[in-house]
Amino acid sequence: MKPQTFRTRITDLFGIDHPIVCGGMMWLADAEYVSAVARAGCIGFITPRSFPTPEDFREQLRKAHDLSDGRPFGVNLYISARPESNQLLQTFLDISIEEGVKFVETAGFSPKEFIPKIKDAGITVMHKCTTLRHALSAQKAGVDAIAILGAEAGGHPGMDMIGTMVQGAIVPQELSVPVVLAGGMGTGRQLVACLSLGAEGMLIATRMVVAEEIWAHENYKKRLAELGPDGTKIIMSIFGDNSRVIDNPSTEAVLALEAEGSTDYEAYRPHVQGTLQKEAYEDGDWTKGTMSIGQSVAFAGDIRPAGQIIDGIVEEATTVRDRLNGF
Ligand SMILES: Cc1cc2nc3c(=O)[nH]c(=O)nc-3n(C[C@H](O)[C@H](O)[C@H](O)COP(=O)(O)O)c2cc1C
């Protein structure tokens, strides 16, 4: 692990060495991964829905405790627009509290209803969102930090599709809580850019999918390593739910349905269901399933241990900072 070269309110808030936060990744962010990130001096978030049962999730938390050398890790709670999909979140939160989790990343819809329980348990919460309006309301609801996503991001970049550079120049100025900037990030140059914009760290996900500790099949990672920034597409706009995913035959089939104007979700289901993504990670067949991937896949050109990826980003950022100091 590299020694600390950037101390910000984000490193202090999470008790980490480097201002790099690794966002939750459905199916992929397990104990092995978040503990590797923790040992590299950063924080990652386990995704509870990735495991067959809530008790399997509990096992992952215990494993992460064992593997993290006492360093912090957290839990991702993705809040759906559909209340029925959120029922399990209370269970996940209860288990997290019972297992002594200290950090939560919320995302998706408003975290407001979960904040009292999270704060009563003494947990630090960062909310990830895509507009200044949502960031301000999450701050008002009591979150400790905001991750603001730009249009380049993998997963759900929001419907306004504001670029990360613009988000970064606006959102940190308007908030009193610390902000991390996300969407298209994957290099040390960008970390310095985030700090110069007024953010106090950056959040990455796509860059880490090729980490050795990520359990996905090597063929899937090799495919990502081949892709440039044009290797993704936005789908599901027709449902008001933009999703940035890998460009493959499933994605093209979804785009064809959208071009026809179809709003029958059942027609989309065979292409977008989550189990297909899991299968692609298992067997490495990247041609099927709509796997979340951001434009930062352009930086995911090498399959290396998570610690080496993080070290490389920190080293580059430190060099760039020193170069700027010389101007
Ligand atoms: C494979 C993958 C799975 C993701 N799953 C989740 C998830 O379950 N919950 C969540 O809040 N965000 C999820 N995201 C979004 C990331 O946490 C993060 O916000 C986003 O990817 C940042 O942009 P980047 O991909 O350009 O780094 C996922 C992203 C990827 C690449």
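Just so it is clear, the structure is predicted and the values come from calculations on it, not from any experiment.

Conventions we followed
- Residues numbered from 1 in each chain as written.
- Predicted model: local features only at pLDDT ≥ 70, side-chain atom pairs only at ≥ 80, totals over all residues.
- Heavy atoms only, no water.
- Pairing = 2+ DSSP bridges.
- Helix = DSSP H or I, 4+ residues; strand = E, 2+ residues; numbered from the N terminus.
- Axes fitted to C-alpha atoms, helices over the stretch in contact; angles between N-to-C directions.
- Buried < 20%, exposed > 50% of the residue type's maximum accessible area, 1.4 Å probe, protein only.
- Arc of directions from axis to C-beta.
- Contact = heavy atoms within 4.5 Å.
- Domains from an automatic or database assignment.
- Buried area = accessible area lost by both parts, 1.4 Å probe.
- Salt bridge = Lys/Arg side-chain N within 4 Å of Asp/Glu carboxyl O.
- Polar contact = N/O pair within 3.5 Å; in protein donor to acceptor, adjacent residues only side chain to side chain.
- Nonpolar A, V, L, I, M, F, W, Y, C, P; charged D, E, K, R; others polar.

**Student:** Explain the sheet that holds strand β8 (residues 202-204) to me, and be specific about the residues and the numbers.
**Tutor:** Ordered by their spatial adjacency, eight strands build a closed barrel running β1-β2-β3-β4-β5-β6-β7-β8, and the pairing between neighbours is parallel. The sheet shows a mean angle of 30° between the axes of neighbouring strands, direction not considered. Relative to strand β4 (residues 103-108), strand β3 (residues 74-79) is paired through five bridges, and the arrangement is parallel. By the bridge assignment for β4, V75 is matched with V104.

**Student:** Could you give an account of helix α6 (residues 132-141), naming the residues involved and the relevant values?
**Tutor:** Every α-helix winds through 3.6 residues per turn, so residues three or four apart in the chain are directed the same way. Listed in full, the buried residues belonging to α6 are A135, A138 and Q139. Across the axial projection of α6, the buried residues extend over an arc of 105°, all falling on one side. Looking at α6, the residues exposed on the side facing more than 90 degrees away from the buried face are R133 and K140. As for α6, its buried residues are in contact with β5 (124-129), β6 (145-149) and α7 (164-174). Trailing α6 by a residue or two, G142 shows a phi angle of about 110°, which is positive.

**Student:** Could you give me a rundown of the domain arrangement of the protein chain, with the residues and numbers involved?
**Tutor:** Looking at the assigned domains, one finds that the protein chain contains domain 1 (9-213 + 301-325) and domain 2 (232-292). Taking only C-alpha atoms into account, the centre of domain 1 sits 24 Å from that of domain 2. The contact between domain 1 and domain 2 buries some 1000 Å² in all, and 61% of this surface belongs to carbon and sulfur atoms. Connecting domain 1 to domain 2 are zero salt bridges. Inspection of the domain 1/domain 2 interface yields eight residue pairs in polar contact (both at pLDDT 80 or more). Counted by class, the side of domain 1 that touches domain 2 contains eight nonpolar, four polar and one charged residues.

**Student:** Please set out the side chain of Q190 residue by residue, giving values where relevant.
**Tutor:** Of note, Q190 is situated in helix α8 (residues 188-197). A polar side-chain atom of Q190 sits 2.8 Å from the main-chain amide nitrogen of G186. What Q190 contacts, discounting residues up to four positions off in sequence, is G184, M185, M202 and F299.

**Student:** Talk me through the pattern of salt bridges; I want residue IDs and the actual numbers.
**Tutor:** One side chain can pair with another of opposite charge once the charged atoms of both are near each other. Taken as a whole and assessed by the stated rule, the structure comprises 25 salt bridges. Between K2 and E315 there is a salt bridge whose closest N-O contact spans 3.0 Å. Here E315 lies in helix α13 (residues 306-325) and K2 lies in the segment before α1 (9-14), a separation of 313 residues in the sequence. Using a relative accessible area of 44% as the deciding quantity, one classes E315 as partly exposed. A salt bridge links E218 to K222, with the nearest nitrogen and oxygen atoms 4.0 Å apart. Residue E218 and its partner K222 are both found in helix α9 (residues 218-226); the two are separated by four residues, about one turn of the helix. The network of salt bridges with common partners includes E55, R58, R62, E98 and E99.

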